[in-house]
Structures are given as C-alpha cells and as structure tokens.
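# Chain and residue survey
What follows is the residue order along each chain.
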Amino acid sequence: MTRWIFTGGRVVTPAGVLPGAAIALDGDRIAAIEVAIDVAGADAAIDLDGGWLLPGFVDTQVNGGGGVLFNTDMSVEGIAAIAAAHRRYGTTALLPTLISDTPAQVAAALDAVDAAIAAGVPGIVGIHVEGPFLNPVRKGIHDPAMFRRLDAATIALLTAPRRGRVMVTLAPEQCDGADIAALAAAGVRVSAGHSDATYEQAMAGFAAGVSGVTHLYNAMSPLGHRAPGMVGAALDAGSAWCGLIADGVHVHPAALRVAVRALPADKAMLVTDAMPSVGAREKDFTLYGRRIHVADGVCRGEDGTLAGSDLDMARAVANMVREVGVAPAAAAAMAATHPAAFLGLSHERGALAPGLRADWVWLDADWRVRGVWIGGERVVHAA
C-alpha cells in the first residue's frame, strides 16, 4: 500500500480543509486519509509550499486542446492529445465535446470516444454532444446549417449503450418533452443551451428531464424582470447543474457571484469550453472552415463572436477565488465534486475521500499547477 505525505499547505477533503494529510492508496484508489502525519512511514513526502491539494478537476465541456479540435480529429491519438493538454492544468477527467455537426459525425464521435476509453486513454469518461438540436437565434459560433430536430433515429443513437457517459446539449423549446424524457430515462445527461426559451419553456424542459445548463448566461435568453428567460428559469428552479465559464470574458464576475449565491451550493460547476489553443503554441485554429483568432486568452471568429475559450481549469479555479471571492474549497468543489455528481460519477471521483480514485492536483500559493496525479501516479511535474 503506497502512502503519500503532504505537509506545508492545505488539503481539501469532504471532511474539511486539513493542514496536511497522509493519503494511503490501494491500487488506484484512496484507502485512507490520515490527519496524524508520520513522515517517516511515507513512500513519498511533498511540501505543498503554502499551496493546495485539490481533487482532480472534472470538465464536462472540452472542444479541444494541444492543437487538436475534436470535431476534426476523432482518432484515439487526437483524443489522447486533448486529454494530455488539459492534464497539465489539473483536469483528470473530461468529456470531449462535439460542436454541432452532421449525423454521421455525431455517430463517429460517439464511436471515437468509446474507442479512446477502450484503449485506456487516461481521463476520458464520456462525450458531450453540444447540438445540433439548438436554436439559431442563440447559435453562438455554431453553424446553423447543421441544426435539426431530434428524431427517433438520433434518439436511438444517443441512447445506445456506451463505455462512458453521454451528455447532450439542446434547446428545450426546439424539442418535444417526450424526446427529452426518453433521453433522460436512458441515462443521457441532458443540458439546456444555445436556447431562446421563455421561462415557461425552460421550466417545462427541466420537468421533462433536463438536468444541466450549458455555459449559464452565454448563448441563451437572459434574465429580465418581466421575461426571466432561460437564465431566470435556471436560477429559479435550482434543480440543474449550471456550467460557468470563469475566464473573465464570457461572464462578468458580478454575474458569477449572482449565480453562485442563487444556485443551491452543489449546483454550480466550472467548465472551460476549451478550444485547441489550450496547451498549444499555435493559438489560432479553424472551425467550420473559418479562422478563429486567439488573442489575450480570448477566442473569436472573424465577426467577433466568441468561439469557445482559451481557458484551462486551474485558471478557472483561480479566477473564482481571486475575482469572484469564492472560498478555495468551494471553487475546488465547482471544478471537481459538482461536475462528477452531474455525470453520476461521485462513486468514482470528484473528491479526496476513501474509496474514490486517487486523482488530485497540487496548486501553489499563486494557483499555479505544481503536480497532477491520476490513479495515484504522478503524471505532471512542474517547477
């Protein structure tokens, strides 16, 4: 049984923030976490240097990374490159995300993620199919020529048995409630996004089985005092996990504070909506044959439309602490515990607790990644 000792910082666990801890492993799982530390009995001892040991981050919306866009490279190698790029920033589990595409590409993407999981690519826990069942009024960077209605064949495709979780983003006002219910009943994580829904339409979607909201505030009907829209419904219902892009561009810090205060404590989760630029030297990339320019950490199409983000999860956590005023343990839960719960993976990951996977990240006092572990093995060393 391997025993890691962490001192000189803070270790975030469900039982509270500890000044240090010994983490004993049984294979790739945490067997025990001890507060009383005997450094002499450790297999490895690390001084956290005033930093934080947090559960490995779980990102439900990753379009790309390391120069690879999932839409254009669905090979096992491409998916592995995306995961490796985000691993450097503490993400130990993620969903490769397909931006609205053809039926053939949706099928190929589902099969590709199955193949990546079968090949043992670390950190791949499922797929996010973002669209094409969206509202063109709130298209964002998606190509509306791809948009279509859900049909029986597509529902059968999305609900077929898979090796990982399947998440689907749709506009509830564009779909029949019975179809949403069919997806949810089969275990698909249904999320509302790119939607111009009225408050009533959004609430009907939640009642039918929508359990998530994709990048709250962005590409959806806003909160108005007479027309609450999708944003108002999400905050009022409080039943759905709401993704937040905390890059300082997609959502103002004040709006992030409103969401955190309005939502139940366990329903706010961080997402990156990351593009190939994350972890890549060459930042610009192509989507739908169009050039996306990345400057100062912001991805935009030629018309100025935001095109995903250049955000990594470590920076999202840091921004929530520094710019929004969220406590570090709460920010860690938004990046790990809550998305794991949304995906139905709380029995495997999302916290530093006995029985869960030994996935964690060490951030220093300046919120820079110093180390990442997957299954108890250190996979990232940073100075």
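Rules of the game
Residues numbered from 1 in each chain as written. Predicted model: local features only at pLDDT ≥ 70, side-chain atom pairs only at ≥ 80, totals over all residues. Heavy atoms only, no water. Buried < 20%, exposed > 50% of the residue type's maximum accessible area, 1.4 Å probe, protein only. Helix = DSSP H or I, 4+ residues; strand = E, 2+ residues; numbered from the N terminus. Arc of directions from axis to C-beta. Contact = heavy atoms within 4.5 Å. Pairing = 2+ DSSP bridges. Phe/Tyr/Trp six-rings, centres within 6.5 Å; stacked < 30°, edge-to-face > 60°. Lys NZ or Arg CZ within 6 Å of the ring centre and 35° of its normal.

### Looking at helix α7 (residues 253-262)
- Buried residues of α7: Pro253, Ala255, Leu256 and Ala259, and no others. Along the axis of α7, the buried residues cluster in a sector spanning 160 degrees; they form a single face.
- On its buried face, α7 is in contact with α6 (229-237), β16 (241-244) and α8 (313-324).

### A few points about the environment of glutamine 174
- Looking at the secondary structure, you find glutamine 174 in the loop between β13 (165-170) and α4 (177-185).
- Residues glutamine 174 and aspartate 196, spaced 22 residues apart in sequence, show a C-alpha to C-alpha distance of 9.2 Å.
- Each residue touching glutamine 174, except ones within four places of it in the same chain, is listed here: Phe133, Leu134, Asn135, Pro136 and Arg149.

### Overview of the pairing of strand β21 (residues 360-363)
- Of the two faces of β21, the one lined by Trp360 and Trp362 and the one lined by Val361 and Leu363 are each fully buried.
- Here strand β7 (residues 52-55) pairs with β21 via 4 bridges, running antiparallel. Bridging from a neighbouring strand, leucine 53 pairs with tryptophan 362 of β21.
- Across 4 bridges, the pairing between β21 and strand β22 (residues 369-374) is antiparallel. Within β22, the position partnered with leucine 363 by the bridge is valine 369.
- The turn joining β21 and β22, which pair antiparallel and follow one another in sequence, is formed by 5 residues; a positive phi near 70 degrees is taken by tryptophan 367.

### Quick look at the packing of aromatic side chains
- Using the criterion set out here, one finds 7 aromatic pairs in the structure.
- Arranged with centres 5.8 Å apart and planes meeting at 85 degrees, the rings of phenylalanine 6 and tryptophan 360 form a pair that is edge-to-face. Of this pair, phenylalanine 6 sits in strand β1 (residues 3-7) while tryptophan 360 sits in strand β21, placing them 354 residues apart in sequence. Of the two residues, phenylalanine 6 and tryptophan 360, both sit in the buried class.
- Between tryptophan 360 and tryptophan 373 the ring centres are 5.7 Å apart and the planes differ by 35 degrees, which places this aromatic pair in the tilted class. Of the two residues, tryptophan 360 is situated in strand β21 and tryptophan 373 in strand β22; the sequence distance between them amounts to 13 residues.
- When the ring centre of tryptophan 241 is taken as origin, the NZ or CZ atom of lysine 267, which lies over that ring, is 3.3 Å away.

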